Amino acid sequence: MVRRIASLAVPLKLLLFLAGILLATMALAFIGYGRIKNEEWIAEKNYESAKTNLKNSVMETFIKEEEKLVDKVKIFVNNEDFLQDSLPAGVVSIYVFENGTLHYPKLGDENSDEIFLLEKNDALALKEFLDLQKNKMFAEAGEYALQKVDSFLKNPTLERLDWNDYFLERMLNDILSRENLSKTEREKFWEKLNETKRLLQNLNTYREHGDFLLTLGNYASYSNEGYFFIKNKSEFFLVISYFDVTIKNAIIAKMDAAYYTERINGLIKETAKEWSYIPYFLSGEYPFGKWEISIDESKASVRKESKKWINFLSLILVFSLVIPVIGVVVVYRGFSQERRLRFMKDNFLSTISHELKTPLTSIKMYSELMNSGRVNKPEKIVSHTGVILKETSRLESLIDAILNYTRMESGKQVFRWETLNLSECVNKVCDSLDVIAKSKGLEINREVEKDLQITGDYSSIYSLIQNLVDNAIKYTAEGYISVKLQAISQGISLSVEDTGKGIPASEQKNIFEGFYRVGDESTRETKGSGLGLAIVKRTADAHKASITLKSSPGKGSTFTVVFKS
């Protein structure tokens, strides 16, 4: 009764521990949930203010970017050497007006008519350059190219613009592709190529938007609007009006809308991070035309933001519930395992005491008879000494089993590896146990293939086979024992089958543990230490062999050991 109460104490303590954890977790969850609801209410209350702040921040970001762009264009144009500089990022071409007149680029011929046919002079110019290259007169070819480029830069014209676009870039690229150019020469030709490309881009834009640019430049030179964006033929232009002391200036820049759309989107996205829970939409001719920012007017987004915190709290709550439960289960399993081991230990001590006491009692009794001198007949002396030897051997086997198991558990078992004939070993074990089997009315049927060899420790393998066959004899009241040794695809298979009482499924997972025996000790008919199958399992593991069991109550058992090839 006391032991039963003690066994109930551990689960009761665990339940109280779990209840305490759950109560604390629920209290924290309730407090946290109340705080989240309060945060949600505050967020809803400040939603209108948040929308206004988001709109203002986005507009401010956009205006700052516009002002930076205007400053970059002004700085670029005011630089005396701006023709050699690269255009600001996002600007395709630039036009400068003074007092309503186009100042850059200064066109020598503003005729918009195109001549697409290659003229004789053009063909001769290309041939002369190619001939210089072919004859490896690279210096002369470079000078020729610079002469043609400088002539075009000083007097740009729309006439034969497509030809000049091809011819000038072709010459400069051919020269730059040469490997023997010095660093100084390469930089000089590279600057000329960039300047030429920029001017050609300006001329191409002018060819498409010439009348628009001239009209707009004249207007902007006398305007005081500062800057504005305007659209023509699906292209956007930045117009800047500013005054020097004596000159009325205007700048018109064609914009790369795709570049600035991507750039401003990134800046606005970074700005709006503070209000990530508020959805916004940009509509209109964004980013240079008329556009506006629209914001979700509902409060669903605020609730969605609060819901994130609630979900986070719920996740913490789940972990708070699951982790203590897992901890309790682990601790309970540990206590259960400890109780089971304690029971097995007590069971083992009881069993081993009986197993040791029985042969010792017989030895003592027959020794006392012989010592008293009352046994005089030779046949009686032989009989008594035989019993003493038999019980001594039984004690020796039991002690050896305990010592072997202890050495295996501690890793101190020393194996002597050699190539051994497994077939002969099986036959020797069967021969030695055949007398015991026949004394119970059992027959050991053998199917042993000849000369099957493995690498292993002979004494350990012999003990493994002996334990399996001996167990089969012990637990079989009638029928037969079948021992089969054969070669299979995985290696060599040894199976020991009996027609005994069998092993229940609930017990099968424990039978290879040390000191474990099937059934209740008080009702067991067959005595033993519970070490035989434990030694079998550890010997099989040491020899990289697998062991399996098939058994049903009342139908016998089959143990199969497979030694790998």
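In what follows, the accompanying structure is described. (Residues numbered from 1 in each chain as written. Predicted model: local features only at pLDDT ≥ 70, side-chain atom pairs only at ≥ 80, totals over all residues. Heavy atoms only, no water.)

Describing the state of the cysteines
Alright, step 1. According to the stated counting rule, one finds zero disulfides in the structure shown.
Alright, step 2. C425 takes part in no disulfide bond, and the closest cysteine sulfur, belonging to C430, lies 9.6 Å away.
Alright, step 3. With relative accessibility at 1%, the residue C425 sits in the buried group. (Disulfide = S-S within 2.5 Å. Buried < 20%, exposed > 50% of the residue type's maximum accessible area, 1.4 Å probe, protein only.)

A word on helix α10 (residues 422-439)
Alright, step 1. For α10, which comprises 18 residues, the first-to-last C-alpha distance of 26 Å matches the rise-based estimate of 26 Å (1.5 Å per residue) to within 8%.
Alright, step 2. The principal kink in α10, of about 40°, is found at L433.
Alright, step 3. For α10, the full list of buried residues reads L422, S423, C425, V426, V429, C430, L433, D434 and A437.
Alright, step 4. Two residues or fewer after α10 comes G441, characterised by a positive phi angle close to 80°. (Helix = DSSP H or I, 4+ residues; strand = E, 2+ residues; numbered from the N terminus. Expected span 1.5 Å × (residues − 1). Bend = angle between axes of the 7 residues up to and from the residue.)

Let's talk about the side chain of T476
Alright, step 1. With respect to the helices and strands, the residue T476 is situated in the loop between α11 (458-474) and β11 (480-488).
Alright, step 2. Within the structure, T476 has its side chain in polar contact with the backbone oxygen of A472 (distance 2.5 Å).
Alright, step 3. Beyond its immediate stretch of four places on either side in the chain, T476 contacts K440, L442, I481, D498, T499 and G500. (Polar contact = N/O pair within 3.5 Å; in protein donor to acceptor, adjacent residues only side chain to side chain. Contact = heavy atoms within 4.5 Å.)

Structural notes on a nonpolar patch on the surface
Alright, step 1. A cluster of nonpolar residues, V322, I326 and V330, forms a patch on the protein surface that exposes about 250 Å² of accessible area.
Alright, step 2. Residue classification places V330 among the exposed positions, given a relative accessible area of 53%. (Patch = residues over 30% accessible without salt bridge, like charges linked within 9 Å, V, L, I, M, F, W, Y side chains within 5 Å. Areas by Shrake-Rupley, 256 points an atom, 1.4 Å probe, with all protein chains shown as cover. Salt bridge = Lys/Arg side-chain N within 4 Å of Asp/Glu carboxyl O.)

Some thoughts on helix α7 (residues 257-271)
Alright, step 1. Between the first and last C-alpha of α7 there are 21 Å, a value that for 15 residues agrees with the 21 Å anticipated at 1.5 Å per step.
Alright, step 2. Taken as a whole, α7 has its buried residues at Y260, I264 and I268. Buried positions in α7, seen along its axis, are confined to an arc of 60° and lie on one side of it. Turned more than 90 degrees away from the buried face of α7 sit A258, E262 and K269, all of them exposed. (Arc of directions from axis to C-beta.)

Overview of the packing of helix α5 (residues 161-176) against helix α6 (residues 183-221)
Alright, step 1. Viewed as axis vectors pointing N to C, α5 and α6 meet at an angle of 165°, and their least axial separation amounts to 10 Å. For the element pair α5 / α6, the angle class is roughly antiparallel. Between α5 and α6 lies a crossing of left-handed hand. Of α6, the residues touching α5 (which contributes L161, D162, N164, D165, L168, E169, L172, N173, I175 and L176) are R186, F189, W190, K192, L193, T196, K197, L200, L203, N204 and R207.
Alright, step 2. Of the residues contributing to the contact of α5 with α6, the split by class is ten nonpolar, four polar and seven charged. (Axes fitted to C-alpha atoms, helices over the stretch in contact; angles between N-to-C directions. Parallel < 35°, antiparallel > 145°, perpendicular 65-115°, else oblique. Left-handed = near helix turned anticlockwise from the far one by under 90°. Nonpolar A, V, L, I, M, F, W, Y, C, P; charged D, E, K, R; others polar.)

Looking at the pairing of strand β13 (residues 546-552)
Alright, step 1. Burial along β13 is one-sided: I547, L549 and S551 are buried, while S546, T548, K550 and S552, pointing the other way, are not.
Alright, step 2. One ladder, built from seven bridges, connects β13 with strand β14 (residues 556-564); its direction is antiparallel. Within β14, the position partnered with S546 by the bridge is V562. (Pairing = 2+ DSSP bridges.)

Focus on the packing of α11 against helix α13 (residues 532-542)
Alright, step 1. Two elements in contact, α11 and α13, have axes separated by 9 Å at closest approach and are oriented at 140°. Classified by the angle their axes make, α11 and α13 are oblique. Of the two elements, α11 crosses α13, and the hand of that crossing is left-handed. Seen from α11, the contacting residues are S460, I461, S463, L464, N467, L468 and N471; seen from α13, they are G532, L533, I535, V536, T539 and A540.
Alright, step 2. In terms of residue class, the contact of α11 with α13 is built from seven nonpolar, six polar and no charged.

Observations regarding the sheet that holds strand β9 (residues 443-448)
Alright, step 1. Strand order in the open sheet made by the five strands is β9-β11-β12-β14-β13, with mixed pairing throughout. Only two strands of the sheet have a single partner each, and these edge strands are β9 and β13. For this sheet, the mean angle separating the axes of adjacent strands, direction not counted, is 10°.
Alright, step 2. With seven bridges joining them, strand β12 (residues 491-498) and β14 adopt antiparallel strand pairing. Across the sheet, S493 pairs through a bridge with V562, a residue of β14.
Alright, step 3. In this fold α10 packs onto β9, β11, β12 and β14, with an angle of close to 170° to the strand it touches most, β9.
Alright, step 4. α11 contacts β9, β11, β12 and β14 of the sheet and is inclined by roughly 25° relative to β12.

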